[in-house]
Amino acid sequence: MSSDQDHLKETDTEARFDFKQEQRAAVTSEKGLTEEVIRMISEDKDEPEWMLERRLRALKQYHAMPMPTDWPGQPDLSELDVEEIVPYIRPDVDKREGVDDWDELPDDIKDTFEKLGIPEAERKALSGVGAQYESEIVYQNMQDQWEEKGVIFMNMDQAVKDHPEIVKEHFMTTCVPPSDNKFAALHGAVWSGGSFVYVPEDVTVEMPVQAYFRMNSEGMGQFEHTLIVAEPGSEVHYIEGCSAPKYGKHNLHSGGVEVFVKEDAHVQYSTVQNWSKNTFNLNTKRAIVEENGTMEWVSGSMGSKATMLYPCSILKGRGATDTHITIAFAGEGQDIDTGAKVYHNAPNTKSTIESKSISKDGGRTNYRGLVHIADGAENSSTAVECDALMFDNESTSDTMPYMEIEESKVDVAHEATVGKIGDEDIFYLQSRGLDDDDAKKMIVAGFIEPITEELPIEYAVELNRLIELEMEGSLG
Amino acid sequence: MSTTQVHANLTEAQVREISGDLEEPEWLLETRLEALAALDDLDMPKVIRTPGRDWTNLHDLDFESFVDPLNWAEKKDQVGPDEIDVLSWAEAVDEHEDLLKEHFGSIVDPQENYLTALSTALFSTGTVIYVPEGVDAEDVTIRTEMNSQSLFNYTLVVTEESSSVTILERQSTGDEGEVRDGEERASGTVPREGGERYYSGIVEIVAGENSYVQYGSLQNLSEDSYNFTCKRGVTDTYATIDWIEGNIGTKLTKTETSTELAGDSSETQIVGAFYGHNDQHFDLDVKVWHRAEHTTADLVTRGVTDDVSRSVYEGVQDVGRDAWDTSSYQRENTLMLSDESEADASPKLIINNHDTEASHSATVGQIDEEDLLYMTSRGVSPRDARNMLVEGFFVPVLEEIAVEELRDDLEDLVQERLRE
């Protein structure tokens, strides 16, 4: 239990908050992303030297890399000024501590929670108030039964200290190296918080490992890192809950997720995200899947001003399997650019991608996907299916799949459809006594069912509810 | 205007000479010179791009070194029925200047990219087809046999209201130096070392109200040729443009075939077939822009890659904000016959109007082992079985080709290749 106790101590003491506040002042006085800022973060976390070195190397790579501007039809990132954003890490901490009164929360966030019917304790978690407490409870309960089996589930910062050998080997090395893209490099430099999950050989974790809203517990959670290592024959379902709405201006969320699925292991990573509408959500999520391993990505992308997110599986071992199920919802002023990437690098590998999107009130959704079948990955198969539902003529929906096929003994299929809500369907439902809104909601609920049925009930209910609220245009 | 020419191989004087030989009006010469001057600032045409990667590398080719502007040679047949005009470029300049002035460069911007500008500055041969109101014309044939190191070709098709025309174009490479004497300017060129050649073609189609244009093209240039073509049409109300695209030859082909559905209730179909073997590279770009109401598009492409060939396919269905009640469909299927070949595909949907029914699909696969087994168990040799299955694979595309002659020719070329 030592890791847990340390974790509690480390994060819950007044001293730490005070310390952070001091640091905040120092950081905000610094302009931009500098070595000093990185050293400060690392020192603040009392990190070992090797992690600081990795951060500094990532920072160099970040500065050396250009912003991605050459993607066809990509979201507009011109309003994003990273140099302005990073110092904002600290004000979030400040706010979290400051807003211990529910009434001090911004109205739109309060409204959301009220409409979601979320109890006040949970609302506080959602808003970042007391998230710490809530997440600790979650850990505590689960830790007991797992620990006997050797399962590790803890805060990523703590894992650096407690399990340096595992972290050192896996953290931003082979899966998501900082050199992967500019935001991966940024993440490598400023990352903070997140989850570490380690499942020993042949252990099955029967219930989902949940990190619900916990990234706010660190305050700097806009750059949270998740590392999941599933040893051979193990099985785990990790759920990252609704990553709390943020309410600073010019927010950037640039998370990193690395999943190692060893031989015959099975990992499901589910996430339902609902960002505030001023957040740039630019993430790198990747899994390396060994022989006969299975990786399943389930994600609901809600909120944000612009999202660029393409969870990726590298099917490295023979017989490895990938499943992607995603849903995106874009309302007014939102540009949700998501998709899936799969590299078939071994024979007999298989991937299935199912993508659904809804655009409304001028929102844009885009499916951007890449399926690569390497030379030698014989008998591999992939099936991609994208469906887009558009509500009105201000909205936009694009589909941009890329398929690179270097191997002939393969089966590759891509299909996409776009359509409006069927007038006939609505008419049918109305003739059964539903009003127009309810009819639409029902059709959408049916449309997203393939996603919701993959999620535990509470998440499914929440996703449904979030989409209903978006459709009513009643979310701030 | 005056420009300082910095290109190794290209000069303003050459452009003036080409234009002068064709007795072109001043405005056309100006357009050419402006295109030449713009070369330095223009980019290569867009190719399929994933972040950080171009799938066709046009920058590796030194296009200017391929070009020998004043030495061009071809054998050309361009015939059509009497009631329409099928004119060589020189004739068209003479007889239809107004038509040229109105439409030349109106659909494919001469300065759209480096290769369109190069083509505009240097084209020396071409065909203009004018179909007057109410006339139905079939069997317009354009056969171009390229007999020089480089050849730049321009084609303009204008159909007036309620007319129709079927045009079949073929491009091939003749024996070096073999030149037909005739009114065309022609001088035998010594092909450059390695026999590499460059063929560039621009096609613009202006389909008038309620007119119908069927434009079939069969490219079978020699496999040491590089080919850039840009074929684009614009429809008026109720007009239809159907394209048939057969690509068999060349070492590298970069081609765009596209329609802008600008008139209400206009339609387009783009049917494509390709067959790559050896180290051929096909970059096939198929596009439709829905810009008006009740427009319909159907894009169907099937191709085969064998040996170490590579196909790169991008199909775009772009539905504009004002394109109410759109129907848009796209299918692309690639059959890979060898382990070393590659096939890349990107069917894109860009939808800005929700009153749309759109779908696209793409598949890549190999010959079905069970089919093969079934046939060989019936006594067919494996080789014949494979050939029959490849032929069968092309059937859905061949069925879409309404022009019998083109269908037969394409079938023949496929069979010829299978026999190799």
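Everything numeric in this text was worked out from a predicted model, so none of it was measured. (Residues numbered from 1 in each chain as written. Chains lettered and ligands numbered in written order. Predicted model: local features only at pLDDT ≥ 70, side-chain atom pairs only at ≥ 80, totals over all residues. Heavy atoms only, no water.)

1. Concerning the state of the cysteines
Residues and elements named next belong to chain A. Using the criterion set out here, one finds zero disulfides over all chains in the structure. Just so you know, C312 is unpaired, no disulfide at all, and the nearest cysteine sulfur is the one on C175, 7.8 Å from it. Judged by its relative accessible area of 2%, C312 is buried. The thiol of C386 is not disulfide-bonded; the next cysteine sulfur, from C312, is found 16 Å away. Residue class for C386 comes out buried when judged on its relative accessible area of 3%. (Disulfide = S-S within 2.5 Å. Buried < 20%, exposed > 50% of the residue type's maximum accessible area, 1.4 Å probe, protein only.)

2. Re unusual backbone geometry
All names here are of chain B. Backbone geometry places Y238, a non-glycine residue, at a positive phi of 60°. Topologically, Y238 is positioned in the loop between β11 (225-235) and β12 (240-247). Unlike most non-glycine residues, T250 shows phi in positive territory, near 80°. With respect to the element layout, T250 can be found in the loop between β12 and β13 (252-261). (Helix = DSSP H or I, 4+ residues; strand = E, 2+ residues; numbered from the N terminus.)

3. Looking at the confidence of the model for chain A
Residues and elements named next belong to chain A. Averaged over every residue, the pLDDT of chain A is 78; residues scoring 70 or more account for 75%. Looking at the elements of chain A, mean pLDDT is at its lowest for helix α2 (residues 14-29), recorded as 32, and at its highest for strand β13 (residues 312-315), recorded as 98. Low pLDDT, under 50, characterises residues 1-30; the predicted model gives this stretch 50 contacts beyond four residues in sequence or across chains. (pLDDT = per-residue confidence, 0-100. Contact = heavy atoms within 4.5 Å.)

4. Comments concerning the interface of chain B and chain A
At the interface, 38 residues of chain B touch 36 residues of chain A. Summed over both partners, the interface of chain B with chain A comes to about 3,100 Å²; 47% of that surface belongs to carbon and sulfur atoms. When the buried surface of chain B facing chain A is broken down by residue, D339, I351 and H354 of chain B rank first, second and third, together holding 19% of it. Counting every contact that joins chain B to chain A gives one salt bridge. With its nearest N and O atoms 3.2 Å apart, the salt bridge here joins D339 of chain B to K409 of chain A. Taken together, chain B and chain A are joined by 23 residue pairs in polar contact (both at pLDDT 80 or more). For the side of chain B that touches chain A, the secondary structure elements donating two or more residues are β1 (49-50), β19 (342-351) and β20 (356-365) of chain B. (Buried area = accessible area lost by both parts, 1.4 Å probe. Salt bridge = Lys/Arg side-chain N within 4 Å of Asp/Glu carboxyl O. Polar contact = N/O pair within 3.5 Å; in protein donor to acceptor, adjacent residues only side chain to side chain.)

5. Some points on the packing of helix α4 (residues 49-64) of chain A against helix α12 (residues 182-190) of chain A
All names here are of chain A. Where α4 meets α12, the axes come as close as 7 Å, and the angle between the chain directions of the two elements is 150°. Here α4 lies roughly antiparallel to α12, going by the angle between them. As α4 packs across α12, the resulting crossing turns out to be left-handed. Together, R54, R55, A58, L59, Q61 and Y62 of α4 and K182, A185, L186, G188, A189 and V190 of α12 make up the contact between the two elements. Of the residues in the contact of α4 with α12, the class split is seven nonpolar, two polar and three charged. (Axes fitted to C-alpha atoms, helices over the stretch in contact; angles between N-to-C directions. Parallel < 35°, antiparallel > 145°, perpendicular 65-115°, else oblique. Left-handed = near helix turned anticlockwise from the far one by under 90°. Nonpolar A, V, L, I, M, F, W, Y, C, P; charged D, E, K, R; others polar.)

6. Considering the pattern of salt bridges
Under the criterion given, the structure shown has 36 salt bridges over all chains. Salt-bridge contacts for D285 of chain B lead to K287 of chain B; the nearest nitrogen and oxygen are separated by 3.0 Å. According to the relative accessible area criterion, D285 of chain B is buried, its value standing at 6%. Judged by relative accessible area, which is 16%, K287 of chain B ranks as buried. If you follow the salt bridges from partner to partner, you end up with D335, D337, R364, R368 and D398 of chain A in one network.

7. Structural notes on the pairing of strand β4 (residues 225-230) of chain A
Residues and elements named next belong to chain A. Here β4 lies mainly inside the structure; six of its six residues are buried. The alternating pattern of β4 places H225, L227 and V229 and T226, I228 and A230 on opposite faces, both of which are buried. The pairing of strand β2 (residues 195-199) with β4 spans four bridges and is parallel. Following the sheet pairing, Y198 is matched in β4 by V229. Where β4 and strand β7 (residues 256-261) come together, six bridges link them in parallel fashion. Each residue of the ladder has a partner; that of H225, found in β7, is G256. (Pairing = 2+ DSSP bridges.)

8. So, the nonpolar core
Grouped together as the largest cluster of nonpolar side chains are 52 residues, with contacts concentrated most on V259 and M295 of chain A. Setting aside residues up to four positions removed in sequence, V259 of chain A forms contacts with C175, I228, V267, R286, A287, I288, M295 and W297 of chain A. Membership of the second largest hydrophobic core comes to 49 residues, among which are V15, L28, L87 and Y130 of chain B. (Core = buried A, V, L, I, M, F, W, Y, C linked by side-chain atoms within 4.5 Å.)

9. What about the environment of C312 of chain A?
All names here are of chain A. Assignment of secondary structure puts C312 in strand β13. For the pair formed by C312 and H372, sequence separation is 60 residues and the distance between their alpha carbons is 11 Å. Apart from residues no more than four positions distant in its own chain, C312 is found in contact with K285, R286, A287, W297, H324, K341 and Y343.

10. Topic: helix α3 (residues 35-44) of chain A
Buried within α3 of chain A we find V37, I38, M40, I41, S42 and D44 of chain A. Where α3 of chain A ends, the next residue or the one after it, D46 of chain A, has phi of about 55°, a positive value.

11. Looking at a negative patch on the surface
Residue and element names in this part refer to chain B. A contiguous patch of negative charge on the surface is contributed by E404, D408, E411, D412, E416 and E420. Mapped onto the elements of the fold, D412 is located in helix α9 (residues 404-419). Using a relative accessible area of 42% as the deciding quantity, one classes D412 as partly exposed. (Patch = residues over 30% accessible without salt bridge, like charges linked within 9 Å, V, L, I, M, F, W, Y side chains within 5 Å. Areas by Shrake-Rupley, 256 points an atom, 1.4 Å probe, with all protein chains shown as cover. Lys, Arg positive; Asp, Glu negative; His and termini not counted. Charge placed at Lys NZ, Arg CZ, Asp CG, Glu CD.)

12. What to know about the packing of aromatic side chains
Counted according to the given criterion, the structure contains 18 aromatic pairs over all chains. Measuring from ring centre to ring centre gives 6.4 Å for F153 of chain A and Y238 of chain A, while their planes differ by 90°; the resulting arrangement is edge-to-face. Placement of the pair is F153 of chain A in strand β1 (residues 152-155) and Y238 of chain A in strand β5 (residues 235-240), with a sequence separation of 85 residues. We note that F153 of chain A, like Y238 of chain A, is buried. Seen in terms of ring centroids, W89 of chain B and F123 of chain B are 4.9 Å apart; in terms of plane orientation they differ by 75°. Their pairing is edge-to-face. With W89 of chain B in helix α4 (residues 89-95) and F123 of chain B in the loop between α6 (114-122) and β5 (125-131), this pair connects stretches of sequence that are 34 residues apart. (Phe/Tyr/Trp six-rings, centres within 6.5 Å; stacked < 30°, edge-to-face > 60°.)

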